[in-house]
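Here is what each chain is made of, one letter per residue.
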Amino acid sequence: MTPSTADDDALAELTAATDAALVVVTTSFDGEPCGCLVGFHSQCSIEPYRYAVWLSKANRTYRAALTNEHLAVHLLGTADHDLADRFGGETGDEVDKFAGCAWTPGPHGVPLLDRLRHRFVGRRVALLDTGGDHVCAVLEPEAVELGGEIRPLRLGAVGDVEPGHPDP
Ligand SMILES: Cc1cc2nc3c(=O)[nH]c(=O)nc-3n(C[C@H](O)[C@H](O)[C@H](O)COP(=O)(O)O)c2cc1C
């Protein structure tokens, strides 16, 4: 294996094979709710428990996360393609994604999407910029909720959604 000649198509195929579950990350921007669809996320420590989400530097949600300590992570279900489309296919720089989408202020005022009951609110304990187009926010979960059976919406099911904010 020679990493310097890594083939982009092979890497894309390898990554797609993991078929990541999708989440919506929310926070506030100038007091207004904002959020985006995120496929880059994972538990990243067991003890203490930590969870990482990677936000694109192009996104309004990233800019919001720079100044807001608390973020919510909502797991999407198979019936939530419309929310993937709304939060992944539109940018809060141009539209109000929360209009017509019921939400409630949660701990620290973080906007919680009423329909997405599998979720947690976490405090950002680190922000890691490794020079790429996404920045890693490491979260310490403070409040978690589960809403029954979990049937995740996966990357392979949203191939029709084009990111609202193309990467920089
Ligand atoms: C399938 C899919 C996965 C995505 N994964 C991420 C991600 O991991 N991190 C991220 O910051 N944006 C991701 N995006 C892009 C944002 O959700 C999208 O650009 C959104 O419109 C940004 O909204 P905002 O500008 O209001 O924050 C993804 C989009 C799609 C369609």
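As shown above, the structure is provided for reference.
Here goes a summary of the coordinates provided. What you see is a predicted model, and the numbers here were worked out from it, not measured in a lab. (Residues numbered from 1 in each chain as written. Predicted model: local features only at pLDDT ≥ 70, side-chain atom pairs only at ≥ 80, totals over all residues. Heavy atoms only, no water.)

## Remarks on a negative patch on the surface
Note the threshold: Like-charged residues are merged into a patch within 9 Å and nonpolar side chains (Val, Leu, Ile, Met, Phe, Trp, Tyr) within 5 Å, provided each residue has over 30% relative accessible area and no salt bridge. Note on areas: these come from Shrake-Rupley sampling with a 1.4 Å probe, and a residue is covered only by the protein chains present in the view. When a carboxyl oxygen of Asp or Glu lies within 4 Å of a side-chain nitrogen of Lys or Arg, that pair is called a salt bridge. Counting rule applied: Lys, Arg positive; Asp, Glu negative; His and chain ends not counted. By convention, charge coordinates are those of NZ in Lys, CZ in Arg, CG in Asp, or CD in Glu. Numbering of helices and strands starts at the N terminus; helices are DSSP runs of H or I of at least 4 residues and strands are runs of E of at least 2. Buried residues are those whose accessible area, probed at 1.4 Å on protein chains only, stays under 20% of the maximum for their type, while exposed residues exceed 50% and partly exposed ones sit between those limits.
Judged by side-chain charge, Asp-7, Asp-8, Asp-9 and Glu-13 come together as a negatively charged surface patch. Along the chain, Asp-7 turns up in the segment before α1 (8-17). Classification of Asp-7 as partly exposed rests on a relative accessible area of 44%.

## So, the site of the ligand
Convention followed: One heavy atom suffices: a residue is near a molecule or strand as soon as one of its heavy atoms comes within 4 Å of it. Whenever a nitrogen or oxygen atom comes within 3.5 Å of another N or O atom, the pair is scored as a polar contact, on the condition that within protein one atom can donate a hydrogen and the other can accept it, and that pairs from neighbouring residues in sequence are kept only if both atoms are in side chains.
Near the ligand lie 25 residues; those nearest to it are Ser-56, Thr-61, Glu-90, Thr-91 and Gly-92. Between the ligand and the protein, one listed contact pairs an oxygen atom with a backbone N or O atom of Glu-90 at 2.7 Å. Residue Gly-92 places a main-chain N or O atom 2.7 Å away from an oxygen atom belonging to the ligand. For the ligand, whose free accessible area comes to 650 Å², the fraction covered by protein is 93%. Residue assignment for the shell around the ligand shows that the elements contributing at least two residues are β2 (32-38), β4 (50-56), α2 (60-67) and α3 (81-89). Broken down by element, the residue count for the shell around the ligand peaks at 4 residues, all from β2.

## A few points about α1
Counting buried positions along α1 yields 0 of 10 residues, so the element is predominantly exposed. Capping the start of α1, Asp-7 holds a side-chain oxygen 2.8 Å from the backbone nitrogen of Asp-9, two or three residues further along. Positive phi shows up at Asp-19, right after α1, with a value of about 45°.

## Notes on the nonpolar core
So the rule is basically this: Remark: nonpolar core denotes a set of buried residues (Ala, Val, Leu, Ile, Met, Phe, Trp, Tyr, Cys) joined through side-chain atoms within 4.5 Å.
In this structure, Val-25, Val-53, Leu-71 and Val-73 are the most contacted members of the largest nonpolar core, which totals 17 residues. Among the elements of the structure, β1 (23-29), β2, β4, α2, β5 (70-75) and β9 (134-145) are those that each provide at least two residues to this core.

## Examining the side chain of Arg-119
Short version of the rule: Between two residues, a contact is recorded if the distance between any of their heavy atoms is within 4.5 Å.
Secondary-structure assignment places Arg-119 in strand β8 (residues 119-128). With a relative accessible area of 8%, Arg-119 lands in the buried category. At a separation of 2.9 Å, a polar atom in the side chain of Arg-119 contacts the main-chain carbonyl oxygen of Leu-113. In contact with Arg-119, not counting residues within four places along its chain, are Val-73, His-74, Leu-112, Leu-113, Asp-114, Ala-143, Val-144 and Glu-145.

## Some thoughts on the sheet that holds β9
Picture the strands of a sheet paired through backbone hydrogen bonds; they go either parallel or antiparallel. Going by this rule: Strand pairing is assigned whenever DSSP detects at least two bridges linking the two strands. Geometry is summarised by axes, namely lines fitted to C-alpha atoms with helices restricted to the contacting stretch, and by angles between N-to-C directions that run from 0 to 180 degrees.
Spatial ordering of the open sheet is given by β2-β1-β5-β8-β9-β4-β3, a layout of 7 strands whose pairing is antiparallel. A strand with exactly one partner marks an edge of an open sheet, and here the two such strands are β2 and β3 (41-45). Across this sheet, the average inter-strand angle for adjacent strands is 35°, counted without regard to direction. Looking at chain direction, β4 and β9 are connected through 6 bridges and run antiparallel. Bridge pairing in β9 links Trp-54 to Cys-136. Against the sheet, α2 touches β1, β2, β4, β5, β8 and β9, its axis set at about 60° to β1. Across the sheet, α3 lies against β1 and β2, angled at about 110° from β2, the strand it touches most.

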